[in-house]
Amino acid sequence: IFLDFWSSFLIALSIPISFGITFIIMKLVNADINSISLAAMIIALGMIVDQSIVISENALVYIATGKKKYEAILEATMEVIVPVFASVLTTVLSFAPMFAMSGVMGKFVYVIPVVVIASLVGSLLNSWFILPNHLSHVIKEVKPGTVAVRTWQDKFFDYIALPYARIMKSVLGHSYITIFVTIFLLIFSMWWAKNKVLFNLFPPDGADTFFVYVELPDEATFNATETVIKEIEKYINQIAFSGAEEF
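> Just to check I follow, could you spell out the overall build of the protein for this structure?
Helix and strand counts for the protein come out as nine helices and zero strands. Overall, the protein shows an N-to-C arrangement of helices and strands of α-α-α-α-α-α-α-α-α. Counting only residues that meet the buried cut, the protein has 25% of its 247 residues in that class. The contacts of the protein with a sequence gap of at least 6 include a subset with a gap of at least 24, amounting to 73%. As displayed, the protein offers around 18,200 Å² of accessible surface, 69% of which is attributable to carbon and sulfur atoms.

Structure follows, in C-alpha cells:
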C-alpha cells in the first residue's frame, strides 16, 4: 500500500520464489505436501515478505537522496543485511526445538519446522540475491534538482507522525516506568496463560452419528420394547443437553 506498484509487485513475487525454494528443500529432506505442511506454509506466509519489504524500502530511501540506482541498491542491501539475517535467525531458533519432539507427536509435527525454516531461508536468499537484481530494473533514479511529488502515502504519514512522536517522546522520557510496565505485562501474561487459558492439544470432537443397540429377551413384547426405547431416548437427550463428558 505504501510503496510504488513495481516495488510492491516484487515484494509479492518473493512469496512464490520463497515457496519454490521451500519445495526444493522439502524434496531433499523427503517432506510431503499435506495438510500439515500447507498449514506451516500459511504460518510462514506473513514472515517471508518482511525481508523484502525492509530492503526495498531502504533502497527507495537511498534513491530519494539522489544516488545512482546500483549504488543505492547495494548500499541499502548491505546496510540491513545483518538485521535481516538476525530477524530470520530468531524465528528459526523459535521453531527449531520442534525437531526435538519424539514419538508419534514428533513425527506428526516434524514437517512444520521444516517448512517454516525452509520458507524463511528461501525468503532470505531471495532478499539478498534475487530481489536486488529485480529492483535494479524497476527503480528509477532521481535527477538532481527534481522536486519530489508528495503522494497520499506521504500525507498519511505526516498525519500520524506528530502524535506518534509525542507518544515516543513520552515513552522514552519515562524509560524506567516503560521497562517496569513491560516486565509486569510479561509476567502477568505468563500467569494468565498458565492459570486462565485452557490447554488441550487435541480437543475432542463430538460425533455426528452414533448407534445404540438394545437387546431384550425373546419373549419381550412390542410394548415392552417401545417402553425401553423411550427410556433410552429420554436418557440420551438428558445427557446430550447437559454436555456430560462421560457420554
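Past the structure itself, the notes keep going.
> When you look at the packing of aromatic side chains in this model, what are you seeing that I'm missing?
Centre distance and the angle of the planes are the two values used to describe a pair of aromatic rings. Applying the stated criterion to the full structure yields ten aromatic pairs. Ring plane angle 20 degrees and centroid distance 6.3 Å describe the contact between Phe5 and Phe9, whose orientation is recorded as stacked. On the criterion of helical spacing, the pair formed by Phe5 and Phe9 is a turn pair, its members being four residues apart in helix 1 (residues 5-28). Centre to centre, the rings of Trp128 and Phe129 are 6.3 Å apart; their planes meet at 85 degrees, and the pair counts as edge-to-face. Look at Phe129 and you get exposed, because its relative accessible area is 58%. Grouped by ring-pair contacts, the aromatic residues Phe184, Phe188, Trp191 and Trp192 constitute a single cluster.

> Help me understand the side chain of Ser18, please; the structure alone is not making it clear to me.
By the element assignment, Ser18 lies in helix 1. On the basis of relative accessible area, Ser18 is assigned to the buried category, the value being 0%. In this structure Ser18 touches Ile48, Ser119, Gly122 and Ser123, once residues within four positions along its chain are discounted.

> How should unusual backbone geometry be read in this particular structure?
Non-glycine residue Asn30 carries a positive phi angle of around 60 degrees. With respect to the secondary-structure elements, Asn30 resides in the loop between helix 1 and helix 2 (35-45).

> How do you make sense of the pattern of salt bridges when you look at a structure like this?
Between side chains of opposite charge, pairing is possible as soon as their charged atoms come close. Summed over all chains, the structure comprises four salt bridges. Across the salt bridge formed by Lys67 and Glu71, the nearest N and O atoms sit 3.6 Å from each other. Judged by relative accessible area, which is 24%, Lys67 ranks as partly exposed. A salt bridge links Glu226 to Lys230; its shortest N-O distance comes to 3.7 Å. Here Lys230 and Glu226 lie together in helix 9 (residues 222-242), a separation of four residues that amounts to about one turn. Overlapping salt bridges, with partners in common, bring together Lys67, Glu71 and Glu75 in one network.

> How do you make sense of helix 7 (residues 152-173) when you look at a structure like this?
An α-helical segment advances 3.6 residues per turn. Residues three or four places apart therefore align on the same side. Relative to the 32 Å expected for 22 residues at 1.5 Å per residue, helix 7 spans 32 Å between its end C-alpha atoms, a close match to the ideal helical length. The largest bend along helix 7 reaches roughly 35 degrees and is located at Ala161, with the proline Pro163 sitting one to four residues downstream.

> Sorry if this is basic, but what is going on with a nonpolar patch on the surface here?
Where nonpolar side chains cluster on the molecular surface, the patch consists of Ile177, Phe180, Val181, Phe184, Leu185, Phe188, Trp191, Trp192 and Val197 and spans about 930 Å² of accessible area. Along the polypeptide, Leu185 turns up in helix 8 (residues 175-195). Look at Leu185 and you get partly exposed, because its relative accessible area is 49%.

> When you look at the nonpolar core in this model, what are you seeing that I'm missing?
Nonpolar side chains in soluble globular proteins tend to be buried together. Ranked by size, the top nonpolar core spans 36 residues in total, and within it Ala59, Ile112, Val115, Val116, Leu120, Leu135 and Ile139 carry the most contacts. Breaking this core down by element, the ones donating at least two residues are helix 1, helix 2, helix 3 (50-64), helix 4 (69-95) and helix 6 (111-138). For Ile139, the contacting residues outside a window of four places in its chain are Ala59, Leu60, Ile63, Lys69 and Ile73.

> Can you walk me through the packing of helix 1 against helix 2 in this structure?
What describes two packed helices is the angle between their axes and the distance between those same axes. Between helix 1 and helix 2, the least distance of the axes is 12 Å, while the angle of their chain directions is 140 degrees. Taken as axis vectors, helix 1 and helix 2 run oblique relative to one another. As helix 1 runs across helix 2, the sense of the crossing is right-handed. In this structure, helix 1 contributes Ile15, Phe19, Phe23 and Met26 to the contact, and helix 2 contributes Ser37, Met41 and Leu45. In terms of residue class, the contact of helix 1 with helix 2 is built from six nonpolar, one polar and no charged.

> What exactly am I supposed to notice about the environment of Leu89 here?
Topologically, Leu89 is positioned in helix 4. The class of Leu89 is partly exposed, set by a relative accessible area of 36%. Considering only alpha carbons, one finds Leu89 and Val121, 32 residues apart in sequence, at a separation of 9.4 Å.

Criteria and thresholds
Residues numbered from 1 in each chain as written. Predicted model: local features only at pLDDT ≥ 70, side-chain atom pairs only at ≥ 80, totals over all residues. Heavy atoms only, no water. Helix = DSSP H or I, 4+ residues; strand = E, 2+ residues; numbered from the N terminus. Buried < 20%, exposed > 50% of the residue type's maximum accessible area, 1.4 Å probe, protein only. Contact = heavy atoms within 4.5 Å. Areas by Shrake-Rupley, 256 points an atom, 1.4 Å probe, with all protein chains shown as cover. Phe/Tyr/Trp six-rings, centres within 6.5 Å; stacked < 30°, edge-to-face > 60°. Salt bridge = Lys/Arg side-chain N within 4 Å of Asp/Glu carboxyl O. Expected span 1.5 Å × (residues − 1). Bend = angle between axes of the 7 residues up to and from the residue. Patch = residues over 30% accessible without salt bridge, like charges linked within 9 Å, V, L, I, M, F, W, Y side chains within 5 Å. Core = buried A, V, L, I, M, F, W, Y, C linked by side-chain atoms within 4.5 Å. Axes fitted to C-alpha atoms, helices over the stretch in contact; angles between N-to-C directions. Parallel < 35°, antiparallel > 145°, perpendicular 65-115°, else oblique. Left-handed = near helix turned anticlockwise from the far one by under 90°. Nonpolar A, V, L, I, M, F, W, Y, C, P; charged D, E, K, R; others polar.

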